[in-house]
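Residue-level structure breakdown
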Amino acid sequence: MPKQGKNVKSAKVDSRVRRAEQGKLIYKIDCGIPCSDELINDDTMNNFATYLTENLKIQGKTGQLGDKVKVSQEDNKIVVTKFKVLFAKRYLKFLTRKFLKKEKLRDYVRPVATSKHDYQLRYYNIHLDDEEEA
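This write-up is about the structure you can find in this document. Numbers given to residues run from 1 along each chain, matching the order in which its sequence is written. Only residues with pLDDT of at least 70 are given local features in this predicted model, and only at 80 or more are side-chain atom pairs given and counted; all residues enter the totals for whole chains, interfaces and linings. In computing side-chain properties, one takes all heavy atoms of the structure into account and sets aside hydrogens as well as water.

1. Some thoughts on the environment of Arg 110
Considering the arrangement of structural elements, one finds Arg 110 in strand S6 (residues 109-115). A simple rule labels every residue: compare its accessible area, found with a 1.4 Å probe on the protein chains alone, to the largest value its type can have, and call it buried under 20%, exposed over 50%, or partly exposed in between. Take Arg 110: its relative accessible area is 28%, and that puts it in the partly exposed class. The criterion used for residue contact is that any of the two residues' heavy atoms lie within 4.5 Å. What Arg 110 contacts, discounting residues up to four positions off in sequence, is Gln 120, Leu 121, Arg 122, Tyr 123, Tyr 124 and Asn 125. In this text, helices come from DSSP runs of H or I with a minimum length of four residues, and strands from runs of E with a minimum of two, each type numbered from the N-terminal end.

Take a look at the structure:
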């Protein structure tokens, strides 16, 4: 009678999981351009930081960041520091867009990736013909 061999596959670890387990990662959302034009003020920045802390979903639960994720505000930047937790930078873009929609700023401002770990809020490029209006 032949022996039945077990077909055991070695578990592959995703590179994102490996990087998340290594240590901390810092994401920044730069709101400098709208803040300089006073479209976003300090009160709105504080609301944005609290919105992120309340709505970031870690392991299927919102608002329970604990020591794994810290959201802070530095001048005109929101800094999200995560420790050994897996969530994508794209998720921050999603939450930023939801916040801008809630504040009725989504028609004017959009988040743009400027580097590997940074977003910047910029205006839409709207080219108006001044000759037609005159």
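From this point, things continue past the structure.
2. Focus on the packing of aromatic side chains
Planes of paired rings set the category: under 30 degrees apart is stacked, over 60 is edge-to-face and the rest tilted, where pairs are Phe, Tyr or Trp rings (Trp by its six-membered ring) whose centres lie within 6.5 Å. A full pass over the atoms with the stated rule returns five aromatic pairs. Where Tyr 51 meets Phe 99, the ring centres are 5.5 Å apart and the plane angle is 50°; that geometry is what we call tilted. One end of the pair, Tyr 51, is in helix H3 (residues 42-55); the other, Phe 99, is in helix H4 (residues 89-102), with 48 residues separating them in the sequence. Each member of the pair, Tyr 51 as well as Phe 99, carries the same accessibility label: buried. Cluster of aromatic residues (ring-pair linked, three or more members): Tyr 27, Phe 87, Tyr 91 and Phe 94. When the NZ atom of lysine or the CZ atom of arginine is within 6 Å of a ring's centre and also within 35 degrees of its normal, the charge is said to sit over that ring. Across from the ring centre of Phe 87, 4.8 Å away, lies the NZ or CZ of Lys 82, which sits over that ring. In this structure, Lys 89 packs its charged tip against the face of Tyr 119, placed 4.7 Å from the ring centre.

3. As for the sheet that holds S6
Only when DSSP finds a minimum of two bridges between them are two strands counted as paired. Taken together, the five strands give an open sheet; going across it, the order is S4-S5-S1-S7-S6, and neighbouring strands pair in mixed fashion. Taken across any chain shown, the strands that pair with only one partner, and hence form the sheet edges, are strand S4 (69-74) and S6. Each adjacent strand pair in this sheet contributes to an overall mean axis angle of 20°, direction not counted. In this structure, strand S1 (residues 24-30) lies alongside strand S7 (residues 118-123), joined through three bridges in parallel fashion. If you follow Asp 30 over to S7, its bridge partner there is Gln 120. Strands S1, strand S5 (77-83), S6 and S7 of the sheet are contacted by H4, whose axis makes an angle of about 160° with S6. All axes are obtained by fitting lines to C-alpha atoms, using only the stretch in contact for helices, and the reported angles, taken between N-to-C directions, cover 0 to 180 degrees.

4. Structural notes on the nonpolar core
By nonpolar core is meant a set of buried Ala, Val, Leu, Ile, Met, Phe, Trp, Tyr and Cys residues that side-chain atoms within 4.5 Å join together. One finds Leu 52, Leu 56, Val 69, Val 71, Ile 78, Val 80 and Phe 87 to be the most contacted residues of the largest nonpolar core, which totals 27 residues. Contacts of Leu 56, omitting those with residues within four sequence positions, involve Lys 61, Thr 62, Gly 63, Leu 65, Val 69, Val 71, Val 80, Phe 87, Tyr 91, Leu 92 and Leu 95.

5. Quick notes on the pairing of S6
Relative to S7, S6 runs antiparallel, the two being bridged by six bridges. Residue pairing for S7: Ala 113 is matched across the bridge by Tyr 119. The loop that links S6 with its antiparallel partner S7 comprises two residues.

The values are spatial; any link to function lies outside them.
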